[in-house]
Amino acid sequence: MPLNCGIVGLPNVGKSTIFNALTAAKAQAANYPFCTIDPNVGIVSVPDPRLDRIAQLVHPDRIVPTTMEFIDIAGLVEGASKGEGLGNQFLGHIRSTDAVCHVVRCFDDPNVIHVAGGVNPLHDIDIINTELLLADLETVEKRWAKVEKTVRNTTDNKTKSEAEALRKLLAALQDGLPARVVELTEDEQAAAYDLHLITVKPVLYIANVDETGLKDSNAWVDAVEQRAAAEGSQVVRICGALEAEIALLEPAERTEFLTDLGLTEPGLNRLIHSAYRLLGLITYFTAGVQEVRAWTIPEGAKAPQAAGVIHSDFERGFIKADAYHCEHLFSYSSEQAVKEKGLYRSEGKEYVVKDGDILFFKFNV
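(A) Fine view of the pattern of salt bridges. Tallying each qualifying case throughout the model produces 19 salt bridges. Residue R95 pairs with D136 through a salt bridge whose shortest N-O separation is 3.9 Å. Here D136 lies in helix α4 (residues 121–151) and R95 lies in helix α3 (residues 87–95), a separation of 41 residues in the sequence. Here R95 falls in the partly exposed class, since its relative accessible area comes to 25%. Look at D136 and you get buried, because its relative accessible area is 0%. For D126, the salt bridge identified is with R227, shortest N-O distance 2.8 Å. On the criterion of sequence distance, the pair formed by D126 in helix α4 and R227 in helix α8 (residues 219–231) is long-range, its members being 101 residues apart. What makes D126 partly exposed here is its relative accessible area of 34%.

(B) The side chain of E347, seen in detail. Tracing the chain through its elements places E347 in strand β11 (residues 345–347). According to the relative accessible area criterion, E347 is buried, its value standing at 19%. Looking at E347, its side chain comes within polar contact range of the side chain of R345, at 2.6 Å. In contact with E347, other than residues within four places in its own chain, are F318, K320, A321 and A323.

(C) Fine view of the sheet that holds strand β6 (residues 203–208). Strand order in the open sheet formed by six strands is β2-β4-β1-β5-β6-β7, and the pairing between neighbours is mixed. The sheet is open, and its two borders are formed by β2 (40–45) and β7 (234–238), each paired with just one other strand. Ignoring strand direction, the axes of neighbouring strands in this sheet form an average angle of 25°. Across six bridges, β2 lies against strand β4 (residues 67–72) in antiparallel orientation.

(D) Looking closely at the packing of α4 against helix α5 (residues 157–174). Interaxial distance between α4 and α5 falls to 9 Å at its minimum, and their mutual angle equals 145°. Relative to α5, the crossing made by α4 is left-handed. Within the contact between the two elements, α4 uses L133, D136, L137, V140, E141, R143, W144, V147, T150 and V151 and α5 uses T159, K160, E162, A163, L166, R167, L169, L170, L173 and Q174. Tallied by class, the residues present in the contact of α4 with α5 amount to 11 nonpolar, three polar and six charged.

(E) Examining the environment of A179 more closely. Residue position: A179 is located in the loop between α5 and α6 (186–193). When the C-alpha positions of A179 and L197 are compared, they lie 7.4 Å apart, and in sequence the two are 18 residues distant. Among residues more than four places away in sequence, those in contact with A179 are L169, L173, L197, T199 and V200.

(F) Focus on the packing of helix α1 (residues 15–23) against helix α11 (residues 267–278). Interhelical geometry of α1 versus α11 gives an angle of 90° and a closest axis separation of 10 Å. Between α1 and α11, the interaxial angle falls into the category roughly perpendicular. Where α1 abuts α11, its residues I18, A21 and L22 lie against L268, L271 and I272. Considering only residue class, the contact of α1 with α11 consists of six nonpolar, no polar and no charged.

(G) Structural view of the pairing of strand β5 (residues 99–105). Of all seven residues making up β5, seven are buried, and the element is well covered by its neighbours. Burial of the side chains of β5 extends over both faces: A99, C101, V103 and R105 are buried on one face and V100, H102 and V104 on the other. Sheet topology places strand β1 (residues 4–8) next to β5; four bridges connect them, and they run parallel. When the sheet's bridge partners are listed, V8 is paired in β5 with H102. Bridging between β5 and β6 involves six bridges; their strand directions are parallel. Bridging from a neighbouring strand, V103 pairs with I206 of β6.

(H) Local environment of unusual backbone geometry. Here H59, not a glycine, exhibits a phi torsion of approximately 60°, which is positive. By the element assignment, H59 lies in the loop between α2 (49–58) and β3 (62–64). One non-glycine residue, S333, lies in the positive phi region at around 75°. Here S333 is to be found in the loop between α14 (326–332) and α15 (335–340).

What counts and what doesn't
Residues numbered from 1 in each chain as written. Predicted model: local features only at pLDDT ≥ 70, side-chain atom pairs only at ≥ 80, totals over all residues. Heavy atoms only, no water. Salt bridge = Lys/Arg side-chain N within 4 Å of Asp/Glu carboxyl O. Helix = DSSP H or I, 4+ residues; strand = E, 2+ residues; numbered from the N terminus. Buried < 20%, exposed > 50% of the residue type's maximum accessible area, 1.4 Å probe, protein only. Polar contact = N/O pair within 3.5 Å; in protein donor to acceptor, adjacent residues only side chain to side chain. Contact = heavy atoms within 4.5 Å. Pairing = 2+ DSSP bridges. Axes fitted to C-alpha atoms, helices over the stretch in contact; angles between N-to-C directions. Left-handed = near helix turned anticlockwise from the far one by under 90°. Nonpolar A, V, L, I, M, F, W, Y, C, P; charged D, E, K, R; others polar. Parallel < 35°, antiparallel > 145°, perpendicular 65-115°, else oblique.

Following this line, the structure appears as structure tokens:
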């Protein structure tokens, strides 16, 4: 699916370091602002132990995990909404993402310059949020100036819905609130979609800590977690420098290294899973001797929509989906045993796919 998360933050907070570790890409990481100018794009596998467990029972020729996309976007500075630094490029790149992963620095290191003069994650968050709010406010104000003139003398419901959406958005943004907290009707949401507002996107905060910060909280992390709780956002705590080291290790060495640190999995796994949830995604599987594969769909998707992720013809000619849950396979060890237990079923067009379903689609075009 073309869903992605943009990794944003002030310069030198660890964005590119985390991106490099995530994607094993070679995005430049340097100790000066704007070393990332064009957005680096990386496709990462979503870790899912269920995929391997299915494969152990089905014995396929190949295993294909599902993926998601991360984009490392140039660091933003105060005044970006007015074009300061790389503001216009930053805002253009972030508008094209589906969600925001906001990296904030929660460690002290005299060897790493802080663009704002010192470590203060709430101040950093406020700079980013203010610039995004100002950019959205300008967008809404420009559109409102046009719509306000026409809505007074129209009976067109679409124009009226757009005007009402703009009024609500304008009031919230002027009060310093992001667009995502504004309650809009379905018609108003449709009217506001073309505005491509930045603050309507869900946010995940990445608290970049040092090694001690992974186990022991500090005042900076506490402050970020409190802010996130107040906004209804999530926080993932990661040591970017450590994750960069882990990413360079072979799988066997990686396991040993994590064990020595008292960790069960890399912090990046938590980040990927959190970003996955942030986008409202779930996973279903297809399983056969040729291939066991994970597929990404929005939570609440119905069977035809899930089929369409494989191929548009599957959705267009959907007949039914044979379905059972991976936990039933784990319990009874084979598809045949699942059938014998009466847990293998046929579902129609209205079936809402569940996370962990194993599906086989039947279609005709």
